[in-house]
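Notes for the structure review
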Amino acid sequence: EQPIFSTRAHVFQIDPNTKKNWVPTSKHAVTVSYFYDSTRNVYRIISLDGSKAIINSTITPNMTFTKTSQKFGQWADSRANTVYGLGFSSEHHLSKFAEKFQEFKEAARIAKEKSHEKMELTSTPSQESAGGDIQSPLTPESINGTDDERAMPEVTQNSEPRAEPTQNALPFTHSSTISKHWEAELATLKGNNAKLTAALLESTANVKQWKQQLAAYQEEAERLHKRVTELECVSSQANEVHTHKTELNQTIQELESTLKKKEEEIEGLKQEIENARELQAQRDSLTQKLQEVEIRNKDLEGQLSDLEQRLEKSQNEQEAFRNNLKTLLEILDGKIFELTELRDNLAKLIECS
C-alpha cells in the first residue's frame, strides 16, 4: 500500500455526543495522504499524528466530499460512524484534495464493478457443478460493510486560526444530503412495493386456481373411493377390482402428493405477503422521516430570511444615522464660519475705536 497523493491540513472529527461541534484531532497541520491497496483494490485516506492514526477512511462510491467554506471540507464515513473535516491553508489545496477525492471515488466505483463482474464469472462454473444451486458471490460490500451515507451533523466554528465552515452553510448541506438520501430510499421502496404488489396479485390468482384444483382433486378422490367400494361389492369381478383398486390408490397418492406441494406453495405465498406488509411499514416510516426533514428545512429557511431582514434593517438605520451626522456637521461648519466672521468684525471694531 503506497501513498499516491499527500497534502497538509488541520484534522477535525464531529463531536460524537452533540453531533454539532467540531473536535480537533491534531494540534497542528499534519500530512493527509491517499493510499492505494493493490491487494484489496481499494483507496484509503490515512493521516498520522505521531504514531496515532487520526484518519483511516476507505473511499467508497457512495461517499461525497463537501466544501463548506473556501478552506474547509468534510466527508462522512459510515463504517467509522463519524464525519471527518479538513482545514487547509488555501483554497487551492482544498480544490486539489477535492479533485483527487472525486478521481479516486470514480476509480473505486470502476474497481467495484470489475470485482462484481469477476465474481460473477468465477461463480458460474461452481453453479453448474453444484447441479443448479445458486450461490451468491462475495462482493466488496459484504467484506467492508455497507456504504450508505449517514446523516451529516450540524457544525459550528471552534477555532479561528483554522479554516472552518460558516454557521449557516452546513445545516442546509446537511438537510439537502438527508433529503436526497431518503428520497432515493423512498423511490427504491416504491419500486419494490410495486413489484411485490404485482407478485401478490399474481399469487392471489394462483391461490384461487389451486384451491379450485384442490376441490376438483378432492371430488375426484371421493368419487374414486366410492368407485372402489362399488367394485369391492362385486365379487364376480374380484381380480379386476383388485387391479383397479391398486391403480386408484396410486392415483390417490399422486393427488395427495400434489395437494401437499400446493399447500407448501400457499405457505410460501403467505410469507411473501407478510414481507410485503413489512416493506409497506418501512416505506411509511421513511415517508414520515422525509416530511420531518422538509419541515426542518422550511424552519431553517425562515430563520435565514429573518436574519437577512434584520441585517437589512440595521444597514438602513446606520445609513440614516450617517446622513443625520453629515447634516449636523454641515450645520456646525456654518455656525463656526458665522462665529469666525463675527470675531473678525469685532476685532475690526476694536481696532477702529
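Residues numbered from 1 in each chain as written. Predicted model: local features only at pLDDT ≥ 70, side-chain atom pairs only at ≥ 80, totals over all residues. Heavy atoms only, no water.

An unreviewed UniProt entry lists the chain under the name Homer protein homolog 1, from Polioptila caerulea. Regarding the chain, the relevant UniProt record gives this comment under Sequence similarities (unreviewed entry): "Belongs to the Homer family." (UniProt positions renumbered as here; feature names shortened; annotations may be inferred.)

Okay, the overall build of the chain next. Across its full length, the chain holds four helices and eight strands. Written out in order from the N terminus, the α and β elements of the chain read β-β-β-β-β-β-β-β-α-α-α-α. For the chain, restricting intrachain contacts to residue pairs at least 6 apart in sequence, the fraction spanning at least 24 positions comes to 60%. For the chain, the computed accessible surface area is about 23,800 Å², with 51% contributed by carbon and sulfur atoms. (Helix = DSSP H or I, 4+ residues; strand = E, 2+ residues; numbered from the N terminus. Contact = heavy atoms within 4.5 Å. Areas by Shrake-Rupley, 256 points an atom, 1.4 Å probe, with all protein chains shown as cover.)

What follows concerns a nonpolar patch on the surface. Judged by side-chain polarity, Phe321, Leu325, Leu328, Leu329, Ile331, Leu332 and Ile336 come together as a nonpolar surface patch covering roughly 690 Å² of accessible area. Tracing the backbone shows Ile331 in helix H4 (residues 238–352). (Patch = residues over 30% accessible without salt bridge, like charges linked within 9 Å, V, L, I, M, F, W, Y side chains within 5 Å. Salt bridge = Lys/Arg side-chain N within 4 Å of Asp/Glu carboxyl O.)

All right, on to the packing of aromatic side chains then. Note on aromatic pairs: each is described by the distance of the centres and the angle between the planes. Under the criterion given, the structure shown has 15 aromatic pairs. Ring geometry for Phe12 against Phe72: centres 5.7 Å apart, planes inclined by 55 degrees, an arrangement best described as tilted. Taken together, the positions of Phe12 in strand E1 (residues 2–14) and Phe72 in strand E7 (residues 72–77) put the pair 60 residues apart, joining distant regions of the chain. Taking relative accessible area as the criterion, Phe12 reaches 1% and is therefore assigned buried. Considering the side-chain rings of Tyr43 and Phe104, the 5.2 Å spacing of their centres and the 10 degrees angle between planes classify their relative orientation as stacked. Taken as a pair, Tyr43 in strand E4 (residues 42–49) and Phe104 in helix H1 (residues 91–129) lie far apart in primary sequence, 61 residues in all. (Phe/Tyr/Trp six-rings, centres within 6.5 Å; stacked < 30°, edge-to-face > 60°. Buried < 20%, exposed > 50% of the residue type's maximum accessible area, 1.4 Å probe, protein only.)

Looking now at the nonpolar core. Among the nonpolar cores identified, the biggest contains 23 residues, and Tyr34, Ile45, Ile55, Trp75, Leu86 and Phe97 are the most heavily contacted of them. Counting only elements with at least two residues in this core, the list comes to E1, strand E3 (30–37), E4, strand E5 (52–58), strand E8 (82–87) and H1. In terms of residue count, the dominant contributor to this core is H1 (six residues). The next biggest cluster of nonpolar side chains, apart from the first, holds six residues, and it includes Ile14, Trp22, Phe72 and Val83. (Core = buried A, V, L, I, M, F, W, Y, C linked by side-chain atoms within 4.5 Å.)

The next subject is the side chain of Thr58. Relative to the helices and strands, Thr58 resides in strand E5. A polar side-chain atom of Thr58 sits 2.5 Å from a polar atom in the side chain of Arg79. Residues contacting Thr58, with those up to four places away along its chain left out, are Val42, Tyr43, Arg44, Met63, Asp77 and Arg79. (Polar contact = N/O pair within 3.5 Å; in protein donor to acceptor, adjacent residues only side chain to side chain.)

It is worth spelling out unusual backbone geometry at this point. Phi angles above zero are rare outside glycine, and Lys19 is one such case at about 60 degrees. Mapped onto the elements of the fold, Lys19 is located in the loop between E1 and strand E2 (22–24). What makes Lys19 partly exposed here is its relative accessible area of 33%. Positive phi values are uncommon outside glycine, yet Asn41 reaches one of about 60 degrees. Within the secondary structure, Asn41 is located in the loop between E3 and E4. On the basis of relative accessible area, Asn41 is assigned to the partly exposed category, the value being 33%.

Tracing the backbone shows Ser57 in strand E5. Here Trp75 takes part through its side chain, which lies 3.2 Å from a polar atom of the side chain of Ser57. In contact with Ser57, not counting residues within four places along its chain, are Tyr43, Arg44, Ile45, Met63, Trp75, Asp77 and Tyr84.

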